[in-house]
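Each chain, written out:
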Amino acid sequence: MIIVLKSNVTEIQIDEFSRYFTAHNVRVNKWVGDHSTVLGLLGDTGNIDIDYIQQQEIVERVQRVSKPYKKGSREFHPTDTVIDLGNGCRIGGGAFGVIAGPCSVESEEQIVQLAKDVKASGATFLRGGAFKPRTSPYAFQGLRASGIELLHQARQVSGLPIVTEIMSAAHLVMFEDVDVIQVGARNMQNFELLKELGKIDKPILLKRGLSSTIEEWLMSAEYIMAGGNEKVILCERGIRTFETMTRNTLDLAAIPLLKELTHLPVVVDPSHATGKSSLVPPLCMAAMAAGADGLIVEVHNDPPHAMSDGAQSLTPSQFADVMKQLRTIAPVFGKEL
Ligand code: PEP
Ligand code: MN
């Protein structure tokens, strides 16, 4: 962290100010220039409140030089993190993972059939919401614990690892036999939940918050990693903008930017990003072209009658076409699928 002081500060003020940092185990280097004095802080500045520093009367401006996220940063871990669940189910490091399935688990027949269908088209993971974060309390809330049981059955039949959303740390016992736990956009900053997920040894699919910056998102990943769980997958699922024609705005630039900033795998959810099934196939291609490590796509056997998100769901045959197109372009972008 670098602090530029105002031109009229006295040595006494600087000494007093410096004591604040030494009390936080941070060393202070001082450069006295012709027009201003600059302090360079050395050591772990993670506990220094930058807003508090900025407010001090003797401070002109403050700048962080190192990133506030450490474990997630590429500087500290240059090689790509690969999430490997065995049997070829991998995301990252060139492996393009495709997570497909319905928004909500609705019945045994539905989830088992969809698991077989998406597996036949080449999906590598099965998704299905059991606990659903719905805007309205009167909307379908998911089958909850029995939804997870049905996902187990679908895994048994298809061999696909299962991905499903958690909404409360109190539900963790029900997720013991889930392969990848999803944290939805609405819980990206549920820090107590993130801390609990940091204590377990399971991949976490961390969706970007509805209006979260990339740095806030990486800091949420840091919560999980700081607790000891380094298996985090980031999921870009669109952000809120002024646009109303699409459900959200897919931030494609976030993908190559994240690949620079972090070693964590990045997957894209074109379903929630757009809300429209016709827009999903082209954005699947765009995500791969932009460097994503995978996709999470909603697929439903009967979209008009889906209990949630039918309008953005592909049919199994539309999904099969997307997989074919992705396989055609994968070699161009150095991806295995
Ligand atoms: C979901 O994946 O079903 C979901 C609710 O997504 P998001 O948290 O991105 O809205
Ligand atoms: Mn959905």
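Our structure is the block above this text.
Residues numbered from 1 in each chain as written. Chains lettered and ligands numbered in written order. Predicted model: local features only at pLDDT ≥ 70, side-chain atom pairs only at ≥ 80, totals over all residues. Heavy atoms only, no water.

(A) Inspection of the side chain of threonine 124 at higher detail. Looking at the element boundaries, threonine 124 is found in the loop between helix 3 (108-121) and strand 8 (125-127). Owing to a relative accessible area of 15%, threonine 124 belongs among the buried residues under this scheme. In contact with threonine 124, other than residues within four places in its own chain, are Gly88, Cys89, Gly97, Val98, Leu160 and Pro161. (Helix = DSSP H or I, 4+ residues; strand = E, 2+ residues; numbered from the N terminus. Buried < 20%, exposed > 50% of the residue type's maximum accessible area, 1.4 Å probe, protein only. Contact = heavy atoms within 4.5 Å.)

(B) Fine view of the packing of helix 3 against helix 4 (residues 145-158). Where helix 3 meets helix 4, the closest approach of the two axes is 9 Å, and the angle between their N-to-C directions is 35 degrees. The two elements helix 3 and helix 4 cross, and the hand of that crossing is right-handed. Counted together, Glu108, Ile111, Val112, Ala115, Lys116 and Lys119 of helix 3 and Leu150, Leu151, Gln153, Ala154, Val157 and Ser158 of helix 4 form the full contact between these two elements. By residue class, the composition of the contact of helix 3 with helix 4 is seven nonpolar, two polar and three charged. (Axes fitted to C-alpha atoms, helices over the stretch in contact; angles between N-to-C directions. Left-handed = near helix turned anticlockwise from the far one by under 90°. Nonpolar A, V, L, I, M, F, W, Y, C, P; charged D, E, K, R; others polar.)

(C) Region of interest: the coordination of the manganese ion (ligand 2). Coordination of the manganese ion (ligand 2) by the protein involves Cys103 (SG), His272 (NE2), Glu298 (OE) and Asp309 (OD), with metal-donor separations of 2.0 to 2.4 Å. Using a relative accessible area of 9% as the deciding quantity, one classes histidine 272 as buried. (Donors = N, O, S within 2.8 Å, 3.2 Å for Na, K, Ca; no water.)

(D) Molecular detail of the pattern of salt bridges. Using the criterion set out here, one finds 18 salt bridges in the structure. The shortest N-O distance in the salt bridge between arginine 155 and aspartate 179 comes to 2.9 Å. Of the two residues, arginine 155 is situated in helix 4 and aspartate 179 in the loop between strand 9 (162-166) and strand 10 (180-183); the sequence distance between them amounts to 24 residues. Through salt bridges with shared partners, a single ionic network connects Arg155, Asp177 and Asp179. (Salt bridge = Lys/Arg side-chain N within 4 Å of Asp/Glu carboxyl O.)

(E) Looking closely at the sheet that holds strand 1 (residues 2-5). Taken in spatial order, the four strands of this open sheet run 2-3-1-4, and their pairing is antiparallel. The open sheet is flanked by strand 2 (27-32) and strand 4 (59-63), the only strands paired with a single partner. Going from strand to strand, the sheet's axes swing by 20 degrees on average, the running direction of each strand aside. As paired elements, strand 2 and strand 3 (residues 37-42) share six bridges and run antiparallel to each other. Within strand 3, the residue paired with arginine 27 across the bridge is leucine 42. Along the sheet, helix 1 (residues 11-22) contacts strand 1, strand 2, strand 3 and strand 4; its crossing angle with strand 3, the most-contacted strand, is approximately 15 degrees. (Pairing = 2+ DSSP bridges.)

(F) Broad picture of helix 9 (residues 280-289). Extensive coverage of helix 9 is indicated by the burial of seven of its ten residues. Those residues of helix 9 not exposed but buried are Val280, Pro281, Leu283, Cys284, Met285, Ala287 and Met288. Buried residues along helix 9 sit against helix 7 (254-261), strand 13 (266-268), helix 8 (270-274), strand 14 (294-298) and helix 10 (316-329). Once helix 9 finishes, glycine 291 follows within two positions and takes phi at roughly 105 degrees, a positive value.

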